[in-house]
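Residues per chain, in single letters:
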Amino acid sequence: MKKYIFYFVLILIPILFFVLLEGALRIFNYGKDYSTFVVISEISDQYFLNPLLPEKYFVSTEVTPSVIPDPFDKIKYENTIRIFIFGGSTTAGFPYSPNASFPRLVKRKIEMYYPAHRVEVINLGVSAVNTYFIRDIIDDVIEQQPDLLLFYTGHNEFYGALGPASTEFISGSPATVNLILKLREYKVYQLMTNLINSIWNLFGEEKLESRSTLMETMIAEQEIDSDSEIFRDGLAQFEQNMEAVLNKCSKHNIPVLIGNLVSNLKQKPLQISEGVAQEYFYEAMQKLDKENFTEAKELFIKAKDNDLLKFRAVEEFNYIIDKLAERFDADIVDIKNGFESASENSIVDNKLMVDHLHPNLEGYKLMGEIFFEVTDNYLMAKFGKEKNVASSAINKYLKENFPFTRYDSTLAAIKIDILLNSFPFTQDRNYNYKQFPLENYPDTLAMESIEKGLGWAAAHVKLFDYHFRRKEFSEAYKTLFSLMEDRPFYKSALYYGIEKLLSVNYIKQAKHILVRNHRRLPDKFTSNELGKINLNEGNINLANKLFNEALRYSPTDPEIYYNLSRAYYALQDLPNAIKHIESCLAISPDYPSAKNIYEQLKLLHSSNKN
């Protein structure tokens, strides 16, 4: 018996040591927090996708992609529609700002059709990630009680982080990779990794040098033959990871929509060496010239699938998607057919694409429409259609209020210019993005973002001030509207801009921004300002409701009591008007005009009694 106790203690001691070490490291905040969702700054009631999370998957390179800051409530309200959308750079909206991504279009349309609901569409798209990322975070997403999950993934399976041909490759076994990802969350593992890397770097080994684009940085194996082990590993990891993800969704009764994959078929094969892919491509072009469109399309697909640089998903991925969707009763969102139907001769090209697989603005709009159509079927079945408005009217509104600035357009153009003048699109290393023509101040800001790292939000604040100083109030409003649509939580800048617009009587435009932001992230400012606007417009009951809402956010603000007194006076409720002006004076005895109004209200009330 003593022998067994001895061995038990012998095993227990190192376990206890590492447990205590883990606890100590956490107490002292050592290492990085790789929680999927975190609270950011002062927004304590909202979750965001963790900005540090991509570092968990990109450890060998200097380039780390960013996340999209889409907030959602920590505690889900009863009337909330909550949707998470998974994917890579296409889901993120590359090369455009998130406002142009298909998840944002889906969100804006849901808001239009379901105005009684709080709408949360959280874009989890991160450039250069694949199904390892999705599988790793799916449990945390399920915990957030989603109503629906959308997927558009598969293009990054070979070169995306941890893929079999990427610079972040660990193992061809998905089980091994997923285990290591879990270990990376522990502080002890991070400590040991950092110690090993420090020793390794003493001998001159450092992180891989950053190349011109993330796309180029991720390539370890340039050529992947369809008969190779790497190719088989890529297909296997996609199927196994998605199977695990869909199985978990099924067990929790969460409906799933999976978009099939589409590529630019007229993109010349990206492989460096001449081969069968180029032969298929040239033959396809010949068939196209002869108007043999069906044969041309088949040959373009063969050229894509035989391209040794497999940035575009081969057709096998769509077969796997079909198989898994049928097995787990998930709906296919037919992006491929939608793009083919909108393309000349059903051959997808630069009419809808900016490069080998990323859509242009029209392409993203089309993706959003296709995803929304299927999403809407689920929402109607669960919530019922709330707003009987013609689709044409909604589409007209969305087109007229597309939150996209000249800065956004130029920034995207520079990004594409850099991409198409980098490997693998060209072998010429003489390109300099600084040669990009700049025509105005928004263009200059876009270049500053590329060259000096000026943030998107900071650029829009500068752009707003620029237009406002020049009395270009319409452009200032559009800039502020774009900022609000992407960063509704960026309140200091938004409220600064709203007050500026109100100061020059751009009341309709300021109200538009206030209404949309109030629906998403209501607070004292939005309630109070909307109350004042509605009171001046004669919408007294609504104004009264908004002021009372503002009071709940800030019960010691004298201005709100002052405004409530005005509202009750307009409602001919003198006792409440007097009560609230008294509260205003109790908090701030010298509040402007309050004493005079109080005396007048008392006099009026007294005369009414007589």
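In this report, the structure presented in the accompanying data block is examined. The shown structure was predicted, so the numbers you read here are calculated from the model rather than taken from an experiment. (Residues numbered from 1 in each chain as written. Predicted model: local features only at pLDDT ≥ 70, side-chain atom pairs only at ≥ 80, totals over all residues. Heavy atoms only, no water.)

1. Quick look at the overall build of the chain
Consideration 1: Secondary structure assignment for the chain yields 25 helices and eight strands.
Consideration 2: Summarising its shape, the C-alpha atoms of the chain cover approximately 100 × 90 × 50 Å along the three principal directions.
Consideration 3: Scored against the burial criterion, the 610 residues of the chain give a buried share of 52%.
Consideration 4: Considering only contacts within the chain whose residues lie at least 6 apart along the sequence, 72% involve residues at least 24 apart.
Consideration 5: Split by element, the accessible area of the chain, about 28900 Å² in all, is 53% carbon and sulfur.
Consideration 6: Taken together, the 68 basic and 80 acidic charged side chains of the chain have centroids lying 6 Å from each other. (Helix = DSSP H or I, 4+ residues; strand = E, 2+ residues; numbered from the N terminus. Buried < 20%, exposed > 50% of the residue type's maximum accessible area, 1.4 Å probe, protein only. Contact = heavy atoms within 4.5 Å. Areas by Shrake-Rupley, 256 points an atom, 1.4 Å probe, with all protein chains shown as cover. Lys, Arg positive; Asp, Glu negative; His and termini not counted. Charge placed at Lys NZ, Arg CZ, Asp CG, Glu CD.)

2. Considerations on helix α3 (residues 102-113)
Consideration 1: With 12 residues, α3 should reach 16 Å at 1.5 Å per residue; the first-to-last C-alpha distance of 17 Å fits that figure.
Consideration 2: The buried fraction of α3 is high, at 12 of 12 residues. (Expected span 1.5 Å × (residues − 1).)

3. Notes on helix α19 (residues 491-503)
Consideration 1: Between the first and last C-alpha of α19 there are 18 Å, a value that for 13 residues agrees with the 18 Å anticipated at 1.5 Å per step.
Consideration 2: Among the residues making up α19, those that are buried are Ala493, Leu494, Tyr495, Gly497, Ile498 and Leu501.
Consideration 3: Residues of α19 that are buried make contact with α17 (456-469), α18 (473-486), α20 (507-520) and α21 (524-536).
Consideration 4: Of the residues one or two after α19, Asn505 is the one with positive phi, at around 65°.

4. Description of the packing of aromatic side chains
Two numbers describe a pair of aromatic rings. These are the distance of the centres and the angle of the planes.
Consideration 1: Summed over all chains, the structure comprises 27 aromatic pairs.
Consideration 2: Between Tyr113 and Phe372 the ring centres are 5.4 Å apart and the planes differ by 20°, which places this aromatic pair in the stacked class. With Tyr113 in helix α3 and Phe372 in helix α13 (residues 361-383), this pair connects stretches of sequence that are 259 residues apart.
Consideration 3: Owing to a relative accessible area of 4%, Tyr113 belongs among the buried residues under this scheme.
Consideration 4: An angle of 70° between the planes, with centres 6.1 Å apart, marks the rings of Phe281 and Tyr282 as edge-to-face.
Consideration 5: Linked through ring pairs, Phe464, Phe468, Phe473, Tyr496 and Tyr506 together constitute an aromatic cluster. (Phe/Tyr/Trp six-rings, centres within 6.5 Å; stacked < 30°, edge-to-face > 60°.)

5. Some points on the side chain of Gln278
Consideration 1: One can find Gln278 in helix α9 (residues 276-289).
Consideration 2: Residue classification places Gln278 among the buried positions, given a relative accessible area of 2%.
Consideration 3: Here the side chain of Gln278 touches Gly275 through a polar contact of 3.0 Å, landing on its backbone nitrogen.
Consideration 4: When residues no more than four places from it in sequence are discounted, the contact partners of Gln278 are Pro269, Gln271 and Ser273. (Polar contact = N/O pair within 3.5 Å; in protein donor to acceptor, adjacent residues only side chain to side chain.)

6. Let's talk about the sheet that holds strand β1 (residues 37-40)
Consideration 1: In spatial order, the strands read β1-β2-β3; together these three strands make up an open sheet with antiparallel pairing. At either end of the open sheet lies a strand with only one pairing partner, and these are β1 and β3 (72-73).
Consideration 2: Both β1 and strand β2 (residues 43-49) contribute to a ladder of three bridges, which runs antiparallel. Counted as the bridge partner of Phe37 is Leu49 from β2. (Pairing = 2+ DSSP bridges.)

7. Some points on the packing of helix α23 (residues 558-570) against helix α24 (residues 574-587)
Consideration 1: Here α23 crosses α24 at 165°, and the two axes come no closer than 8 Å. Relative to α24, the element α23 lies roughly antiparallel. Here the hand of the crossing between α23 and α24 comes out left-handed. Between α23, through Pro558, Tyr561, Tyr562, Leu564, Ser565, Tyr568 and Tyr569, and α24, the contact on the second element is made entirely by Leu574, Asn576, Ala577, His580, Ile581, Ser583, Cys584 and Ile587.
Consideration 2: Residue composition of the contact of α23 with α24, grouped by class: 11 nonpolar, four polar and no charged. (Axes fitted to C-alpha atoms, helices over the stretch in contact; angles between N-to-C directions. Parallel < 35°, antiparallel > 145°, perpendicular 65-115°, else oblique. Left-handed = near helix turned anticlockwise from the far one by under 90°. Nonpolar A, V, L, I, M, F, W, Y, C, P; charged D, E, K, R; others polar.)

8. With respect to the pattern of salt bridges
Consideration 1: Here the structure, examined in full by the defined rule, presents 40 salt bridges.
Consideration 2: With a shortest N-O distance of 2.3 Å, Arg327 and Glu243 are connected by a salt bridge. Of this pair, Arg327 sits in helix α11 (residues 315-327) while Glu243 is found in helix α8 (residues 229-251), placing the two residues 84 residues apart along the sequence.
Consideration 3: Residue Arg327 is classed as exposed on the basis of its relative accessible area of 55%.
Consideration 4: For Glu243, a relative accessible area of 27% corresponds to the partly exposed category. (Salt bridge = Lys/Arg side-chain N within 4 Å of Asp/Glu carboxyl O.)

9. Comments concerning the nonpolar core
Consideration 1: If you look at the biggest cluster of nonpolar residues, it comprises 99 residues, and the most contacted ones within it are Phe86, Ile110 and Leu149.
Consideration 2: In terms of nonpolar packing, the next biggest core, distinct from the first, is built from 35 residues, Ala446, Met447, Ala476 and Leu480 among them. (Core = buried A, V, L, I, M, F, W, Y, C linked by side-chain atoms within 4.5 Å.)

10. Concerning unusual backbone geometry
Consideration 1: Following Phe94, the chain continues into Pro95 via a peptide bond in cis, with omega recorded as 5°.
Consideration 2: Topologically, Pro95 is positioned in the loop between α2 (89-92) and α3.
Consideration 3: Residue Pro424 is reached from Phe423 by a cis peptide bond, and omega for that bond is 5°.
Consideration 4: Structurally, Pro424 can be placed in the loop between α15 (406-420) and α16 (441-452).
Consideration 5: Unlike most non-glycine residues, Asn345 shows phi in positive territory, near 60°.
Consideration 6: As for its placement among the helices and strands, Asn345 is situated in the loop between α12 (335-341) and α13.

11. Some thoughts on the side chain of Arg487
Consideration 1: Mapped onto the secondary structure, Arg487 falls in the loop between α18 and α19.
Consideration 2: Of the polar contacts made by the side chain of Arg487, one reaches the side chain of Asp486; its length is 2.5 Å.
Consideration 3: In this structure, Arg487 is in contact with Pro69, Trp456, Ala457 and Leu494, ignoring residues within four places of it in sequence.

12. Brief notes about a nonpolar patch on the surface
Consideration 1: Nonpolar side chains collect at one region of the surface, where Leu179, Leu183 and Tyr186 lie side by side and expose about 280 Å² of accessible area between them.
Consideration 2: The residue Tyr186 is located in the loop between α5 (174-183) and α6 (187-202) in this model.
Consideration 3: Using a relative accessible area of 43% as the deciding quantity, one classes Tyr186 as partly exposed. (Patch = residues over 30% accessible without salt bridge, like charges linked within 9 Å, V, L, I, M, F, W, Y side chains within 5 Å.)

13. Quick look at the sheet that holds strand β8 (residues 331-333)
Consideration 1: Within the open sheet, the five strands sit side by side as β5-β4-β6-β7-β8. Their pairing is parallel. Looking at which strands have only one partner, the edges of the open sheet turn out to be β5 (118-123) and β8. The sheet shows a mean angle of 20° between the axes of neighbouring strands, direction not considered.
Consideration 2: Here strand β7 (residues 256-259) runs beside β8; their pairing, made up of three bridges, is parallel. Residue pairing in the sheet places Gly259 in a bridge with Val333 of β8.
Consideration 3: Here helix α4 (residues 131-143) sits on the sheet in contact with β4 (80-87) and β6 (148-152), set at roughly 170° to β4.

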